[in-house]
Amino acid sequence: QVQLVESGGGLVQAGGSLRLSCSASGPTFESYAMGWFRQPPGEEREFVAAITRGGGNTYYSDSVKGRFTISRDDANNTMYLQMNSLEPEDTAVYYCAAVLYGTAWYLADYGYDHWGQGTQVIVSS
């Protein structure tokens with residue numbers, strides 16, 4: 001069973017950049033499809049981005065498309081979210097998620113069965 005730990009969150013000014021990391025335990029990271037979700041203050045958790053096994057396909061929410069990039073390094077059991085041109089609306093707790101092999105619901109949180117504890121991102125205006 002994979003365990004996930006996010007890092008890289010923090011406080012940044014609007015227009016700035018951050019790179020989030022999700023480190024996974026276990027020898028089979030490459031077998032998992034991965035995703036990023038976020039939960040803004042007082043709101044429901046929402047999909048941000050996803051990447052399939054091997055990184056062949058990626059998916060983005062409309063709100064981050066063109067600004068965020070998801071990637072994975074299977075040799076180091078790590079997934080990344082490069083966030084550029086950050087906006088105050090990007091303020092949220094960011095979670096990484098994993099599902100073995102894949103899911104028919106990459107854009108939904110119920111498509112994943114392993115979650116990290118979250119990392120806070122605050123974008124000031």
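By convention here, each chain's residues receive numbers from 1 onward along its written sequence. Given that this is a predicted model, residues contribute local features only at a pLDDT of at least 70 and side-chain atom pairs are listed and counted only at 80 or more, while totals for whole chains, interfaces and linings are drawn from all residues. The basis for the side-chain values is all heavy atoms of the structure; hydrogens and waters are excluded.

Trainee: Where do I start with the state of the cysteines in this structure?
Mentor: Cysteine pairs can be covalently joined through their sulfur atoms, and such a bond is termed a disulfide. To count as a disulfide, a pair of cysteine sulfur atoms needs to be within 2.5 Å. Evaluated as defined, the whole model comprises one disulfide. With its sulfur 2.1 Å from that of its partner, Cys22 forms a disulfide with Cys96. Across the S-S bond linking Cys22 and Cys96, the dihedral sits near 55°, which makes this disulfide right-handed. With a gap of 74 residues between them, Cys22 in strand β3 (residues 18-24) and Cys96 in strand β9 (residues 92-100) connect regions that are remote in the sequence. Elements are defined by DSSP. Helices are runs of H or I of four residues or more, strands are runs of E of two residues or more, and each kind is numbered from the N terminus.

Trainee: What should I look at first to understand the packing of aromatic side chains in this one?
Mentor: Between two aromatic rings, the relevant description is the distance of the centres plus the angle of the planes. Only Phe, Tyr and Trp rings are paired, with Trp represented by its six-membered ring, and only when their centres lie within 6.5 Å; those with planes under 30 degrees apart are stacked, over 60 edge-to-face, the remainder tilted. Scanning the model with the defined rule gives six aromatic pairs in all. A centroid spacing of 5.1 Å and a plane angle of 20° characterise the contact between Tyr59 and Tyr106, whose relative ring orientation is stacked. One end of the pair, Tyr59, is in strand β6 (residues 58-60); the other, Tyr106, is in the loop between β9 and β10 (114-115), with 47 residues separating them in the sequence. Under the scheme applied here, a residue whose accessible area is under 20% of the maximum for its type counts as buried, over 50% as exposed, and between as partly exposed, the area being computed with a 1.4 Å probe on protein chains only. Judged by relative accessible area, which is 31%, Tyr59 ranks as partly exposed. Residue Tyr106 is classed as buried on the basis of its relative accessible area, which comes to 14%. When the ring of Tyr112 is compared with that of Trp115, the centres are 6.3 Å apart and the planes differ by 65°; the resulting orientation is edge-to-face. Exposure remark for Tyr112: the relative accessible area of 5% places this residue in the buried category. The residue whose ring lies beneath Arg72 is Phe29, and the NZ or CZ to ring-centre distance is 4.7 Å. Any Lys NZ or Arg CZ found within 6 Å of a ring centre and within 35 degrees of that ring's normal is scored as a charge over the ring.

Trainee: Explain the sheet that holds β3 to me, please; I cannot follow it from the model alone.
Mentor: The strands that make up a sheet are held in pairs by hydrogen bonds between backbone atoms, and each pair lies either parallel or antiparallel. Spatially, four strands are ordered β1-β3-β8-β7 in an open sheet, and the strand pairing comes out antiparallel. The strands lining the two open edges of the sheet, one partner per strand, are β1 (4-7) and β7 (68-73). Strand after strand, the sheet turns through a mean of 15° between neighbouring axes, direction not considered. Paired strands, as defined in this entry, are two strands with at least two bridges between them according to DSSP. Judged from the four bridges that link them, β1 and β3 form a sheet pairing that is antiparallel. Pairing of Glu6 across the sheet is with Cys22, part of β3. What counts as an axis is a line fitted to C-alpha atoms, over the stretch in contact for a helix, and the angles between N-to-C directions run from 0 to 180 degrees.

Trainee: So what exactly am I meant to see when it comes to unusual backbone geometry here?
Mentor: One can expect most non-glycine residues to show negative phi and most peptide bonds to be in trans. Of note in the backbone geometry, Ser85 takes a positive phi value of approximately 50° without being a glycine. Topologically, Ser85 is positioned in the loop between β8 (78-83) and β9. Here Ser85 falls in the partly exposed class, since its relative accessible area comes to 40%. Not every positive phi belongs to a glycine, and Tyr101 is a case in point at roughly 75°. Note on placement: Tyr101 falls in the loop between β9 and β10.

Trainee: What is the right way to read the pairing of β8 from this model?
Mentor: Looking down a regular strand, the side chains alternate between one sheet face and the other. In terms of burial, β8 is largely enclosed, as five of its six residues are buried. By the bridge criterion, six bridges tie β3 to β8 in an arrangement that is antiparallel. If you follow Arg19 over to β8, its bridge partner there is Gln82. Note: β7 against β8, six bridges, orientation antiparallel. Counterpart to Ser71 in the pairing with β8 is Tyr80.

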